[in-house]
Amino acid sequence: MSFQVALSGLNAASTDLRVTSNNIANANTTAFKSSRAEFADVFTGDAVGIGAGVRLSTVRQDFGQGNVDITERQLDLAINGKGFFVLSDNGSRLYSRAGSFGLNAEGYVQNAENERLQVYEPLATGGFNQGQLIDLRIQSETLPPVATTLVEMNVNLPATATPPVAAPFSPTDSETYNHSTSTVVFDTLGVAHTATYFFIKTAAGWDVATTIDGNVNGTPQPLEFSSTGRVSTPASGLLSFPTYDPANGAEPLTVGLNVLQSTQFGSSFVVNSLNPDGQTEGRLRNIEIDQTGVVFARFSNGRANAIGKIALADFPNPEGLAKVSDTSFQQTFSSGNPALGEATESTFGLIQAGGLESSNVDLTEQLVRTITAQRLFQANAQVISAFDEIT
């Protein structure tokens, strides 16, 4: 019996060395979580109360936060705080802290085990559909052009201005208008055109004239202000101009002008903002991911479209998760059901793009455990040797 007791001690020390050596071997593995072997003594029910050896109770995993190493690679992701990335392995849901992702030939974002990153799908009305997860896919297609339909303008027209000395209005004669400003508008083919707006002081207020590519577009539209310097006519602040044919194969342009935020104060002429809608065609330039997990596709025309929001999961007992691949875990009865959510909300941490979570292995601690396990192994071997001599 004494040989069996010492043998169980040898096996326990050997298991401890295996767990510790695995921790040391993975000291540089992305998002690796260190483990610890826990042991329990064995009793046979003997009345004397002498134990029958030792057995492995469990191998407990430490899910403590590892340091975040900056890589500056946009698809390297780290979770700073609680949570797991949600992955799909051919429909089977897995969870991981390792955020080293890349693209496959079809543009899906996945890890080295071909497990695809799951995100919330964007809604056409804004926001994200939190009731359904989809694979994150990045397609390098061209963003089609959108014609300009409205220009929002916020200017201040000087209240002390006087009517111009010459008439009628001519865009080539600066004596026929007081002030002007220009912006770029786009037709349905994405071709840029220059729209210029001219402000002409009148006895009742102002007239606003416009040209597109130097061609006068319609007649000047009246613009009046109240005694407080706010737009009074038109009440909506929207000025309408005729349709303009760019004569390049594109559909005719109909561009309205919204001047509701404009003022007439005593200061000089100032353009506070000038924002036309519409866009030229755009090619995918890069991908950006903010700390809340929103994935933006940025295009060459300056537009950024949200293509998904990274989903995170948490468990009542993360230590109960079962490891099923190199860096991924699977839900078990012991772990409990996953709670899905978003980064920075509730108890979830934030997502840091361009970084990877490092292993949480403390090498100094593991080396001390190695020495301890080695001495336990030697001590149990000595016990076996002693009983052999006695026998």
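Being a predicted model, the structure only gives us computed values, none of them experimental. (Residues numbered from 1 in each chain as written. Predicted model: local features only at pLDDT ≥ 70, side-chain atom pairs only at ≥ 80, totals over all residues. Heavy atoms only, no water.)

Trainee: Is there a simple way to think about the layout of surface pockets in this case?
Mentor: Rolling a probe over the atoms, with the probe sized like a water molecule, indicates the empty space that remains. In this structure, the largest pocket occupies an estimated 280 Å³ of space. Looking at the largest pocket, it is lined by 16 residues, and the ones nearest its centre are Arg137, Ile138, Gln139, Glu141 and Ile307. Of the voids in this model, the second largest pocket is the one considered here, and its volume is about 150 Å³. In terms of lining residues, the second largest pocket is bounded by Ser34, Ser35, Arg36, Arg60, Gln61, Asp62, Asn360, Val361, Asp362, Glu365, Gln366 and Arg369. The set of elements that each furnish at least two residues to the lining of the second largest pocket consists of strand 1 (35–42), strand 2 (53–61) and helix 2 (363–390). Tallying contributions element by element places helix 2 first for the lining of the second largest pocket, with 3 residues. Taken together, the residues of the lining of the second largest pocket break down into 1 nonpolar, 5 polar and 6 charged. (1 Å grid on protein atoms, 1.4 Å probe; cavity = no way out; pocket = protein on both sides within 12 Å on 5 of 7 lines; lining within 4 Å. Points joined across faces, edges and corners; volume = space filled by probe spheres on them. Helix = DSSP H or I, 4+ residues; strand = E, 2+ residues; numbered from the N terminus. Nonpolar A, V, L, I, M, F, W, Y, C, P; charged D, E, K, R; others polar.)

Trainee: Got a minute to help me understand empty space enclosed by the protein in this structure?
Mentor: This structure, assessed with the given rule, holds 1 cavity of 30 Å³ or more. In this structure, the largest cavity spans a volume of roughly 40 Å³. Ala195, Tyr197, Thr210, Ile212, Asn217, Phe241 and Val255 together form the lining of the largest cavity. Those elements that place two or more of their residues in the lining of the largest cavity are strand 13 (192–201) and strand 14 (206–212).

Trainee: Any chance you could explain the pattern of salt bridges here in plain terms?
Mentor: Pairing is possible between side chains that carry opposite charge, provided their charged atoms lie close to one another. Per the counting criterion, the structure on display carries 12 salt bridges. Among the ionic pairs, arginine 116 bridges to glutamate 106, the shortest N-O distance being 3.6 Å. Of the two residues, arginine 116 is situated in strand 9 (residues 116–122) and glutamate 106 in the loop between strand 7 (102–103) and strand 8 (109–110); the sequence distance between them amounts to 10 residues. On the basis of relative accessible area, glutamate 106 is assigned to the partly exposed category, the value being 47%. Of the charged contacts, one joins aspartate 135 and arginine 116 as a salt bridge, the two residues approaching to 3.3 Å between their closest N and O atoms. Of this pair, aspartate 135 sits in strand 10 (residues 128–135) while arginine 116 sits in strand 9, and the two are 19 residues apart along the sequence. The class for arginine 116 is partly exposed, based on a relative accessible area of 22%. One network of salt bridges, in which partners are shared, links Arg36, Glu38, Arg60 and Glu319. (Salt bridge = Lys/Arg side-chain N within 4 Å of Asp/Glu carboxyl O. Buried < 20%, exposed > 50% of the residue type's maximum accessible area, 1.4 Å probe, protein only.)

Trainee: Explanation requested: the packing of helix 1 (residues 2–25) against helix 2 in the structure shown.
Mentor: Two numbers describe a pair of packed helices, the interaxial angle and the distance between the axes. Where helix 1 meets helix 2, the axes come as close as 8 Å, and the angle between the chain directions of the two elements is 160°. Classified by the angle their axes make, helix 1 and helix 2 are roughly antiparallel. Seen from above, helix 1 lies across helix 2 with left-handed handedness. Across the contact of helix 1 with helix 2, the residue classes tally to 16 nonpolar, 9 polar and 3 charged. (Axes fitted to C-alpha atoms, helices over the stretch in contact; angles between N-to-C directions. Parallel < 35°, antiparallel > 145°, perpendicular 65-115°, else oblique. Left-handed = near helix turned anticlockwise from the far one by under 90°.)

Trainee: Honestly, the sheet that holds strand 19 (residues 256–258) in this entry has me stumped. Any pointers?
Mentor: Working definition: the strands of a sheet are paired by backbone hydrogen bonds and lie parallel or antiparallel to each other. Strand order across the open sheet formed by 4 strands is 18-19-11-20, with mixed pairing between neighbours. Each end of this open sheet is capped by a strand with a single partner; those strands are strand 18 (238–239) and strand 20 (270–276). Pairing between strand 18 and strand 19: 2 bridges, direction antiparallel. Across the sheet, leucine 239 pairs through a bridge with leucine 257, a residue of strand 19. (Pairing = 2+ DSSP bridges.)

Trainee: I would appreciate a short explanation of the pairing of strand 6 (residues 92–96) in the present structure.
Mentor: Along any regular strand, the residues point their side chains to alternate faces of the sheet. In this sheet, strand 6 lies alongside strand 5 (residues 84–89) in antiparallel orientation, the contact comprising 5 bridges. Looking across to strand 6, one finds that serine 88 is bridged to arginine 93. Linking two consecutive strands that pair antiparallel, namely strand 5 and strand 6, is a turn of 2 residues; a positive phi of about 55° is found at asparagine 90 within it. Pairing geometry for strand 6 and strand 25 (residues 328–330), over 2 bridges, is antiparallel. Bridge pairing links serine 96 to serine 328 in strand 25.

Trainee: What exactly am I supposed to notice about the nonpolar core here?
Mentor: In summary, soluble globular proteins display a tendency toward joint burial of nonpolar side chains. Counting 24 residues, the largest nonpolar core has Met153, Leu157, Tyr197, Phe199, Val208, Leu223 and Leu257 as the members making the most contacts within it. At the level of elements, strand 11 (150–156), strand 13, strand 14 and strand 16 (221–225) are the ones that each hand at least two residues to this core. Those residues in contact with leucine 157 that sit more than four places away from it in its chain are Phe199, Trp206, Leu223, Phe225, Thr263, Gln264, Phe265 and Phe269. Leu77, Leu94, Val109 and Val119 belong to the second-largest nonpolar core, a separate cluster that totals 23 residues. (Core = buried A, V, L, I, M, F, W, Y, C linked by side-chain atoms within 4.5 Å. Contact = heavy atoms within 4.5 Å.)

Trainee: Hey, could you run me through a nonpolar patch on the surface in this one?
Mentor: Where nonpolar side chains cluster on the molecular surface, the patch consists of Phe39, Leu56 and Val59 and spans about 230 Å² of accessible area. Mapped onto the secondary structure, leucine 56 falls in strand 2. For leucine 56, a relative accessible area of 40% puts it in the partly exposed group. (Patch = residues over 30% accessible without salt bridge, like charges linked within 9 Å, V, L, I, M, F, W, Y side chains within 5 Å. Areas by Shrake-Rupley, 256 points an atom, 1.4 Å probe, with all protein chains shown as cover.)

Trainee: I keep staring at the environment of serine 328 and nothing clicks. Help me out?
Mentor: Within the secondary structure, serine 328 sits in strand 25. Each C-alpha atom of the pair serine 328 and threonine 211 lies 61 Å from the other, and the pair is 117 residues apart in sequence. In contact with serine 328, not counting residues within four places along its chain, are Leu87, Leu94, Tyr95, Ser96, Asn111, Glu115, Ala322 and Lys323. Polar side-chain contacts of serine 328 include one of 2.6 Å to the side chain of glutamate 115. (Polar contact = N/O pair within 3.5 Å; in protein donor to acceptor, adjacent residues only side chain to side chain.)

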